[in-house]
Every structure is written in structure tokens, then in C-alpha cells.
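The residues making up each chain are set out below.
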Amino acid sequence: MPDTCVVAEIILEEPALDNSSEGSTHTVLGDSFFWRHAKALTPALFRTTRPRIKMGRVESACATLSAIRENSPLVHNMTNIVVANTTANALLAIGASPAMVDGPEEAPELASVAGALVVNVGTVTPAQAEAMKLATTAAHKAGRPWVLDPVAVGALTFRTKLAGELLENKPSVIRGNASEIMALAGLGAGGKGVDSTDSSEAALAGAKELAQQTGAVVVVSGPVDFITDGKRTAEVANGDKMMPYVTGLGCTATALTGATLAVCDDPFDAAVDAMIFLGVVGEIAAKNAAGPASLQLDIINGLYQLNSDILNATTRVEMHEAVA
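Residues numbered from 1 in each chain as written. Predicted model: local features only at pLDDT ≥ 70, side-chain atom pairs only at ≥ 80, totals over all residues. Heavy atoms only, no water.

Re helix H5 (residues 126-142)
- The end-to-end C-alpha distance of H5, which contains 17 residues, comes to 24 Å, matching closely the 24 Å that a straight helix rising 1.5 Å per residue would cover.
- All of the buried residues in H5 are Gln128, Ala129, Ala131, Met132, Ala135, Thr136, Ala138 and Ala139.
- In this fold, the buried residues of H5 make contact with strand E1 (74-78), helix H4 (107-111), strand E3 (116-120), strand E4 (146-149) and helix H6 (157-166).
- Positive backbone phi, approximately 75°, marks Gly143, located one or two places after H5. (Helix = DSSP H or I, 4+ residues; strand = E, 2+ residues; numbered from the N terminus. Expected span 1.5 Å × (residues − 1). Buried < 20%, exposed > 50% of the residue type's maximum accessible area, 1.4 Å probe, protein only. Contact = heavy atoms within 4.5 Å.)

Comments concerning the nonpolar core
- With 53 residues, the main nonpolar core has Ile227, Phe277, Leu295, Ile299 and Leu311 as its most contacted residues.
- For this core, the element with the highest residue contribution is helix H10 (residues 267-285), accounting for 13 residues.
- Not counting the four nearest positions on each side in its chain, Ile299 is found in contact with Met243, Leu249, Leu278, Val281, Gly282 and Ala285.
- Listed in part, the 38 residues of the second largest apolar core include Met78, Val124, Leu148 and Val224. (Core = buried A, V, L, I, M, F, W, Y, C linked by side-chain atoms within 4.5 Å.)

A closer look at the pairing of E3
- Counted residue by residue, E3 has five buried out of five residues, so it is predominantly covered.
- Because side chains alternate across E3, one face comprises the buried residues Ala116, Val118 and Asn120, and the other comprises Leu117 and Val119, equally buried.
- Bridging between E1 and E3 involves four bridges; their strand directions are parallel. Among the inter-strand pairings, Asn77 is bridged to a residue of E3, identified as Val118.
- As paired strands, E3 and E4 are joined by four bridges and run parallel to one another. By the bridge assignment, Val119 is partnered in E4 with Leu148.
- Following the chain from E3 across H5 to the adjacent parallel E4, one finds a crossover that is right-handed. (Pairing = 2+ DSSP bridges. Right-handed = clockwise from strand over helix to strand, strands pointing away.)

In C-alpha cells:
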């Protein structure tokens, strides 16, 4: 157990669950699918007590979830055609307000006022590339946080050049798979299309270097997600082996990062919280999913039902500080 955790064993009753924020219209009953399977994942914790309450990292994730639901932040998405519907629904399910605007006539205006901007180069065209440059410039000038998803960077020349240009506008967070992050850091040639050919562990050194070069928090998605700002590093071990068979779950993580950025002062906290949210709901949803199609639906449902009790019961996160 990470040394930031505190174990609380003072409440003996299983709680009735609400959806984390006072006044929320979302309700999850104590015998819900998600609560039952959160318990199944950590059975030892339910013999006589409530789940372990991880004061610190998980407490922060709970506060972020409440803030999203209380404020419904506007998240401006410039994303790819494969995942636009999925990511919009994921944002709605967790409590944010998505806007899918990628035209050069409107994108800069919206980027300058939105809670956060999400830029995903998955199916980028020349017109969209120009709009992304304008939008990230506007967001940077207005002091708005934004997150870059460098889909297939390193594997294709046009988007690799574009990603390098977008970095000049100082993203708050960069999230990609191991091969994308290594390519963006100048340490590799990219993966097999949108798929990584490197492990997340192998990309960690490059992620730290990229964070130091750009000032961004860098997220490397994989069986264990690594999040680093060059000094602090978090490892989120939630998720399921079925998740890579659903198109766009990495893009969903990026979109959720937009929602967390909109309510968090620290981009590192925002990135860790987003990876916790998706990892936890993916892990629980996979327990009863018949396959990737139902998993995708159950992840959206899971984001809607997610609450602090589920996060406390299920989250597996470790924090590391760089030694001076």
C-alpha cells in the first residue's frame, strides 16, 4: 500500500450511495452493479469495515469528481471522427458539458472561453490542423488549460510535424500511448499506426524528459498508466485487458482529462484523476461485459454511476517523488 494512504476502520455499515455531490440528480443504490463488483475486487476490505479511505490521492479524485458535477465545465473538443460520439457521451456521463467544434472560424473563439480544450490529431486534415493551431494559440493567450492527444505521432509525417508546432502553445497535459510519447520526446519512430509497440514502463524516462522540455504533465497509457511532471510520478494500476479492444478509450481518457483540467488548479492532479476515473470504471465494467461492445456501453454507464465510495474501494495508485 502506498505510504500516502490512511486506513479508516470506524464505520461498520455499508453506505447508501449518492453520486458524490450534494444536490446531484444521479443516484446509485447500495446494491448496484458497480458497488457489488467494487466489493468483489477488494473482498478483504468488506469483512467488517468500509473500504480503505486513501486520504490524499484518492481523496483528491473524489473532490475533482464532485467539482465536475457541481460545475458542469464546458470542454471544447477538437477530436477525431472515430471517437467524437463516444467522448462526448463520456463527458456527459461524468457531468461535464462537451462542445465539438473544430472549424477555424469558431474554434479559436470557443477555446478562449471554454473550461478546457482537448486536441486529438487522430483523423486530422489540413483545415483541422490550421484550426488546432489557432485554437491552441487562443487558449494559451487566454490562460485556458488544454490537453494534446498525439495519435499516431511518429508513425506519420504530417501529424508529427503538427504536434511539434502545437507544443509551442504549451499544453497543460500530453496523453498518449508509449510509442506516441517516445516519438514526441524524440526517442522513437512511433508505433504500428495508432497502436503502441512499446511498453508504458519503457516510455517513462522519455515521458519525464518530455515533461521537463515542455512544462506539460505527460501521461503514458498502458496496463499501468504513468503520469509525470518530470518530478512527481503516479502509477495508476486500474483497468482491464479487454479495454484495448474498444476503439477510442485512450481518446476518452484525454477527453476526461479536459474535464478534470477545467476544475483542477494543478494539471498533475487533473491527469491522475482522469486516469483513475477511466481505469476504475473500465475494470469494474469488464467483470460482466460479454465483450468489447458491451464494455464500451458499461464504461459510459460507469462514469455516470461513479462516486467516492467506488473510488475509495477500487483505486490502485502509487505516488513517487523525485529524489533531489
